[in-house]
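# A structural walkthrough
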Amino acid sequence: MAGPQNLMLIKDVVESERTALLIKKLEQCEQRCDFSDPRSDFVRKEIKRRALVDIVDYLNSSDHVFADVSIYGPIIRMVSANLFRALLLNTAGDDLFDPEEDEPRLETAWPHLQIVYEILRRFVVSPSTDHKVARKYIDQNFVLGLLDLFNSEDPREREYLKTILHRIYGKIMSLRAFIRVSIQNVFHYYVYEHQHHNGIAEMLEILGSIVNGFAVPLKKDHKAFLIKSLIPLHIPKGLPTYHVQLSFCVTQFVEKDPELAVDVIRGLARIWPITHSRKQVMFLNELEELLELTRPEEFEQVIDPMFRYIAHCIQSSHFQVAERALFFWNNEYIVHMILHYRAKILPLVFASLQKNVQGHWNQNVVSLSHNVQKLMAEMDIELYEHEADLYESRRRDQPRVNRQREALWSLTERVAEENRDAVGSSHDNEASRQVESTNNRFASLLVSDKNQRVETSSSSRDNNGAVSADGRRIRDERQGANLNSFPKLDRDSSSSLDGVLDEDDDRCKR
């Protein structure tokens, strides 16, 4: 096979022959070079590099070069031959590779690829390009090839791809829906199958610009894209690498349609991180941005799930999480909303604030919690004192609740033991019916105990926060009725259970 020819420069030939020489050089550059060994094919690599540089210089020499549609096919064929290749991805396990800490693997063929990307970029952005003709060559398969390249570890390549794909989306209208659906498919593959992709941040940057151009009111498929694709992107452990871009896209949707804030906040609540402190801080940052765009009617709908997780973060042992949650009370708009709905919000956060003040290890968190308590007391002192009384009453009631829970667990273990013995000793229908009846009645006991605790927490209390005498008497009667109705508890075991509870009462008194 003959080696590549060192052709003349395009500018050195007559103008009538330049297009033919350009096409010849484009065909010559379709041949790939092996960059795995820097010392191999050196002459061939240098000839191809000079040809690519000459092509770029010629394209820059005139604004009307792309008016000739005969060069469209050779350009796209040359670009496809060089760019669409198997990517060298990181071979280490996902747990060993950290894209934020580890150095990315740079593309060895970048001296050629950079020039090829530059040719494609100039072809796409040129005002003289006839995009009606260009879409015959820049088709769906070409777009899918570009999207596959977003997984490259080389950030220089992903930056070129981001610019080029964004321009294609803007220039070729017929490909817009296909590009959105293809990006959505990449997100789904990333979230639900592999959870490793290098180009999610760049794709989200493209989407941020796309969403910014959506017309109002939003279409149903646009809203579905937010709920089904963008919200699940908060799940993977690689969230820190693209959270800024993701948060921008989500807030763009909410700015265009504030009613979406309810669906977004509820979606975040369903996947809220419980043990991942860094993700908790990110969720809190995004939640504050969303609340600033939320109207009062939407704010009221998300109070319960939102402030339950805020309360959970307030009492976090990680001081950065606790501080970030307490900083919500530094936002004037959020404080105004809290003032308006204080009767619903204060019961959700009071216990967390009180626990921080009484025993958090970080002094700054203690100080911030105390400031928030003072602010809530200034909003409504009567409501604050009422919640303080309820908290103190629940604290005093906690030993009794713990004893009830331990007693129920003891009864559960006993029923399980007796059911196992009954099944082991006999397999007839009568024994099975007896076991099923025992289980059903025990389940009723558990439900009754749960309802009893709910009624106890919501029963009337006196000025000191203690349970009223009538409420305590009714509650004790129900407890006695429930324990006496337990099917497998004989007189001896009932006496022993009463003895256990009496001993616990004596220890508490002492």
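Numbers given for residues are sequential positions, taken from 1 along each chain in its written order. With the structure being a predicted model, the display of local features is reserved for residues of pLDDT at least 70 and the display and counting of side-chain atom pairs for 80 or more, all residues being used for whole-chain, interface and lining totals. Processing note: side-chain calculations cover all non-hydrogen atoms of the structure and skip hydrogens and water entirely.

## Points about the overall build of the chain
This is how it is decided: Where helices and strands are cited, they refer to DSSP runs of H or I of at least four residues and of E of at least two residues respectively, numbered from the N terminus. For the exposure calls, accessible area comes from a 1.4 Å probe over protein chains only, and a residue counts as buried if that area is under 20% of its type's maximum, exposed if over 50%, partly exposed in between. Contacts are assigned to residue pairs that have any heavy atoms within 4.5 Å of one another. Surface accessibility follows the Shrake-Rupley procedure with a 1.4 Å probe radius. Residue values consider only the protein chains on display as shielding.
Scanning the chain from N- to C-terminus turns up 23 helices and zero strands. Within the span of the chain, comprising 510 residues, buried residues form 45% of the whole. Nonlocal contacts in the chain, meaning residues at least 24 apart in sequence, comprise 72% of its contacts between residues at least 6 apart. Surface summary for the chain: the accessible area is close to 27300 Å², and the carbon and sulfur share equals 50%.

## Side note on the packing of helix H15 (residues 303-314) against helix H18 (residues 342-359)
Under the convention used in this document: Think of each axis as a best-fit line through the C-alpha atoms, taken over the contacting stretch in the case of a helix, with angles from 0 to 180 degrees between the N-to-C directions. Each angle receives one of four descriptions, namely roughly parallel if under 35 degrees, roughly antiparallel if over 145, roughly perpendicular if within 65 to 115, and oblique otherwise. Residues are grouped as follows: Ala, Val, Leu, Ile, Met, Phe, Trp, Tyr, Cys and Pro are nonpolar; Asp, Glu, Lys and Arg are charged; every other residue, Gly included, is polar.
Two elements in contact, H15 and H18, have axes separated by 9 Å at closest approach and are oriented at 5°. Taken together, the axes of H15 and H18 are roughly parallel relative to one another. Of H18, the residues touching H15 (which contributes Ile 303, Asp 304, Phe 307, Arg 308, Ala 311 and Ile 314) are Lys 344, Ile 345, Leu 348, Val 349, Ser 352, Leu 353 and Asn 356. Among the residues forming the contact of H15 with H18, the class breakdown is eight nonpolar, two polar and three charged.

## Comments concerning the nonpolar core
Among soluble globular proteins, nonpolar side chains are generally buried collectively. The condition that has to hold: Here, nonpolar core means buried Ala, Val, Leu, Ile, Met, Phe, Trp, Tyr and Cys residues that are tied together by side-chain atoms lying within 4.5 Å of each other.
Grouped together as the largest cluster of nonpolar side chains are 129 residues, with contacts concentrated most on Leu 230, Phe 307 and Trp 329. Discounting chain neighbours no more than four positions away, the residues touching Trp 329 are Phe 307, Ile 310, Ile 314, Val 335, Ile 338, Val 349, Val 372, Leu 375 and Met 376.

## Digging into the side chain of Glu 153
Short version of the rule: Whenever two N or O atoms come within 3.5 Å, that pair is a polar contact, provided that in protein one can donate a hydrogen and the other can accept it, and provided that, for residues adjacent in sequence, both atoms are side-chain atoms.
On the secondary structure map, Glu 153 appears in the loop between helix H6 (140-149) and helix H7 (155-171). The class of Glu 153 is buried, set by a relative accessible area of 6%. Within the local environment of Glu 153, its side chain forms a polar contact with the backbone nitrogen of Arg 105, the two atoms lying 3.1 Å apart.

## Quick look at the side chain of Arg 324
Here Arg 324 lies in helix H16 (residues 319-326). Reaching out from Arg 324, the side chain makes a polar contact with the side chain of Asn 285 at a distance of 2.4 Å. The residues contacting Arg 324, other than those within four sequence positions of it, are Val 281, Leu 284, Asn 285 and Glu 288.

## Focus on the environment of Pro 273
Along the chain, Pro 273 turns up in the loop between helix H12 (260-270) and helix H13 (277-292). Taking the C-alpha atoms as reference points, Pro 273 and Ile 235, 38 residues apart in sequence, are found 8.5 Å from one another. Excluding its chain neighbours within four sequence positions, the residues that come into contact with Pro 273 are Lys 279, Gln 280 and Phe 283.

## Some words on empty space enclosed by the protein
Rule in force here: Only protein atoms enter the calculation, which uses a 1 Å grid: trapped sets of points that fit a 1.4 Å probe without letting it out are cavities, open sets showing protein on both sides within 12 Å along at least five of seven lines are pockets, and any residue with an atom within 4 Å of a point is a lining residue. Grid points are joined across faces, edges and corners, and a volume is the space filled by probe spheres set on the points.
One pass over the structure, following the stated rule, counts one cavity of 30 Å³ or more. If you add up the space inside the largest cavity, you get close to 40 Å³. As for the largest cavity, its lining consists of Ile 265, Leu 268, Ala 269, Trp 272, Leu 287, Pro 305, Met 306 and Tyr 309. Contributing elements (two or more residues each) for the lining of the largest cavity: H12 and H15. Grouping the amino acids of the lining of the largest cavity by side-chain chemistry returns eight nonpolar, no polar and no charged.

## Re the packing of aromatic side chains
Basically, it comes down to this: Put simply, two rings from Phe, Tyr or Trp (the six-membered ring, in Trp's case) pair if the centres are within 6.5 Å, and we call them stacked under 30 degrees between planes, edge-to-face over 60, tilted for the rest.
What the rule picks out here adds up to 16 aromatic pairs. Ring centres of Tyr 190 and Tyr 242 lie 5.9 Å apart, and the angle between their planes is 75°; on these two criteria the pair is classed as edge-to-face. In this pair, Tyr 190 sits in helix H8 (residues 176-194) while Tyr 242 sits in the loop between helix H10 (220-230) and helix H11 (243-256), placing the two residues 52 residues apart along the sequence. Accessibility assignment for this pair places Tyr 190 and Tyr 242 in one class, buried. Relative to Phe 307, the ring of Phe 299 has its centre 6.2 Å away and its plane inclined at 65°; by these criteria the two rings are edge-to-face.

## Observations concerning the confidence of the model for the chain
One rule of thumb: low pLDDT means the predicted coordinates there are not for detailed reading. Formally: For every residue, the pLDDT score states the predictor's confidence, bounded by 0 at the bottom and 100 at the top.
Averaged over all residues, the pLDDT of the chain is 84; the fraction at 70 or higher stands at 79%. Between residues 459-475, whose pLDDT stays under 50, and residues either more than four places distant or in other chains, the model counts 23 contacts. Taken as a whole, residues 477-505 scores under 50 in pLDDT and shows 31 contacts with residues more than four places along the chain or in a different chain.

## Section: H12
The element H12 is largely enclosed, with a buried count of eight among its eleven residues. Taken residue by residue, H12 has Leu 260, Ala 261, Val 262, Val 264, Ile 265, Gly 267, Leu 268 and Ala 269 as its buried positions. Summarising the contacts, the buried residues of H12 are in contact with H10, H11, H13, helix H14 (296-301) and H15.

## Details of the pattern of salt bridges
Applied cut-off: Salt bridge criterion: a side-chain nitrogen from Lys or Arg within 4 Å of a carboxyl oxygen from Asp or Glu.
Counted under the stated rule, the structure contains 23 salt bridges. The closest approach of N and O atoms between Arg 121 and Glu 118, which form a salt bridge, is 2.7 Å. Within this pair, Arg 121 and its partner Glu 118 are both found in helix H4 (residues 110-125), separated by three residues, close to a single helical turn. Residue classification places Arg 121 among the partly exposed positions, given a relative accessible area of 23%.

## Some thoughts on the packing of H11 against H13
Rule in force here: In this scheme, a crossing is called left-handed if the near helix is turned counterclockwise away from the far one by less than a right angle; it is called right-handed if the turn is clockwise.
Relative orientation of the contacting elements H11 and H13 amounts to 25°, with a least axis distance of 10 Å. In terms of axis orientation, H11 runs roughly parallel to H13. When you trace H11 past H13, the crossing you get is right-handed. The residues of H13 that touch H11, namely those facing His 243, Ser 247, Val 250, Thr 251 and Val 254, are Met 282, Glu 286, Glu 289 and Leu 290.

## Brief notes about the environment of Asn 198
Summarising the element assignment, Asn 198 is placed in the loop between H8 and helix H9 (200-212). Within the structure, Asn 198 has its side chain in polar contact with the backbone oxygen of Asn 151 (distance 2.7 Å).

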